[in-house]
Each structure stands twice: as structure tokens, then as C-alpha cells.
Amino acid sequence: GTPLAVIDGTELTLRRTAATAALGAQLLARPDSRKLAVLGTGALSLPMALAHHSVFKLSETTIWGRQLDKAQAVVGQLAQLGITARASADLQCTLASADVVVAVTTATAPFIKSDWVRPGTHLGLIGAFTPVMAEAEPRLLAKVRLFVDSREAVLQKGGEVLQALRAGLITEADVRGELAELLATSTQIAGRLVAQDITVFKSVGFAALDLIAAEYLLQSLVIQSPATS
């Protein structure tokens, strides 16, 4: 019952959300992926780009937004951190050239067209975290290898997944596995099977991720006692 730390919840959530998406991409994207597209210009855009740069040797980063000036603002922030990126307001063109795509918007209507996602792409759907939200057309899920952070959480509130299930486009069996199963050595969950697969990682977040991130933060801190400071 003794408090161990007080941690900024917003900052922790931004970082663990980005880290989870990047881990999903690391497990499911083609190993030779070099081009990243971040869709969205909100608070998660910068952490997402940074997290994916930590697990891939990226040669190109694109920040897409409906408002070009907001995408350019994120590009400017990345430049200050030593990462070169470009801004785009053309979604179809952005998707056509990306190996890894991560969507981090609060869209209530799908804007990622099924036909625009090319074979071999890995797509992280991170922003639609309620049943009425959606970033990708639900029919896209019928032609991908679908993985989730948590089956229970996604089947309760995972926008596109719930909508695809209700429309009869997929069944629960089409959720191939969750993050823990992809990581476990005791299971035989296969991620990407061939280079041309489209893989999707759907994440809505759950409490254990925050706890894991908080524990990692505590373990990584070197705390000096008053007597030695």
C-alpha cells in the first residue's frame, strides 16, 4: 500500500502507446522496411515517429495530416531531434510509398481506403479506441493478417474490428493473435507469412501496458539517497 512514485499519466500513456505500436510493427512488418508514414498530427504523432525510428533503420519518414501546416509543425519538431521527415496532405500517395504505416487520429469515419493499402504494408491502427470510431475501412480487415494488443479490449471497443465483425466481414477467428502471444516462446503464433502479406496491428490500450511502462521507468531510474547526493 506504500506509493512508489507519482508519474505523469499523459506522458506515460503517450510513450507506452507509441512503444506498443512500434513493437507490433517490429514483430509484423517486413524486416527490410525503410519507409514510415505517420497518419495524424496530434500528441501521438511525434512519439510514434520516434518509437518506430528506434526499431527500424528508416530512410524516409512522412507525416500526413489533413492540414499541411500541422504536419509541417511535426516535421519541424522531428528536425530538432535530428530526424529528417517530410509533410504530406496526399494520403493515397503517402500510402503508396510506405512500408510501415501508423494511424493516430480521432477519426469517427474511415479515411484509409482498402484499395490504397498496397501488398506488403504493415498498418498500425492506434487511434480508433471506441466502437464508433474508425481509421481504416472495415472491409480492409477481410484481406489482412490481423493482430491486436489485447483480444478482450479490442473486441470490446476496437472500432474497425467491431465494425467488420458486425458486418460479417470477419469472424473472431480472424484475429490471429495478440501481442503477448507473438512475444511468447511457448506459442506458435505466426505473424507475417510472406512478404506480400498486409499485416494489421490494432491497439486500443489496456491497464497492464501502463503498469509495465511504469515499472520499466522505475527500474531504469538511479535514485540517490539524501546521504549520498
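As a reminder, the structure under discussion sits directly above these lines.
Predicted model, so just to flag it, every value in this text is computed and none were measured.

## Brief notes about the nonpolar core
- Formed by 31 residues in total, the largest nonpolar core has its most connected members in V38, M48, I63, L78, V102, V104 and I126.
- Elements that contribute at least two residues to this core include exactly α1 (9-28), β1 (35-39), α2 (45-53), α3 (68-80), β4 (100-103) and α7 (179-183).
- No other element matches α1, which puts six residues into this core.
- Residues A37, W64, L91 and A103 belong to the second largest nonpolar core, which totals 29 residues.

## What about the packing of aromatic side chains?
- The tally for this structure, following the rule as stated, stands at one aromatic pair.
- Seen in terms of ring centroids, W64 and F111 are 5.4 Å apart; in terms of plane orientation they differ by 15°. Their pairing is stacked. Taken together, the residues span a long stretch of sequence, with W64 in strand β2 (residues 60-64) and F111 in the loop between β4 and β5 (122-125) at a distance of 47 residues. Accessibility assignment for this pair places W64 and F111 in one class, buried.
- When the ring centre of F111 is taken as reference, the NZ or CZ atom of R66 above it lies at 5.1 Å.

## Side note on the sheet that holds strand β8 (residues 199-202)
- With parallel pairing, eight strands are arranged side by side in an open sheet as β3-β2-β1-β4-β5-β8-β6-β7. Of all strands in the sheet, those with a lone pairing partner are β3 (86-88) and β7 (175-178), marking the two edges. On average, each strand axis in the sheet is tilted by 20° relative to the strand beside it, whichever way the strands run.
- Note: strand β6 (residues 145-148) against β7, three bridges, orientation parallel.

## What about the pattern of salt bridges?
- Under the counting rule described, the total for this entry stands at 11 salt bridges.
- Between D115 and R139 there is a salt bridge, with the nearest N and O atoms lying 3.7 Å from each other. Of the two residues, D115 is situated in the loop between β4 and β5 and R139 in the loop between β5 and β6; the sequence distance between them amounts to 24 residues.
- With a relative accessible area of 43%, R139 lands in the partly exposed category.

## Points about the pairing of β8
- What you see with β8 is no split at all: T199 and F201 on one side and V200 and K202 on the other are buried throughout.
- Pairing between β5 and β8: four bridges, direction parallel. Paired with G124 across the bridge in β8 is F201.
- With four bridges joining them, β6 and β8 adopt parallel strand pairing. Bridge pairing links V148 to K202 in β8.

Cut-offs applied
Residues numbered from 1 in each chain as written. Predicted model: local features only at pLDDT ≥ 70, side-chain atom pairs only at ≥ 80, totals over all residues. Heavy atoms only, no water. Core = buried A, V, L, I, M, F, W, Y, C linked by side-chain atoms within 4.5 Å. Buried < 20%, exposed > 50% of the residue type's maximum accessible area, 1.4 Å probe, protein only. Helix = DSSP H or I, 4+ residues; strand = E, 2+ residues; numbered from the N terminus. Phe/Tyr/Trp six-rings, centres within 6.5 Å; stacked < 30°, edge-to-face > 60°. Lys NZ or Arg CZ within 6 Å of the ring centre and 35° of its normal. Pairing = 2+ DSSP bridges. Axes fitted to C-alpha atoms, helices over the stretch in contact; angles between N-to-C directions. Salt bridge = Lys/Arg side-chain N within 4 Å of Asp/Glu carboxyl O.

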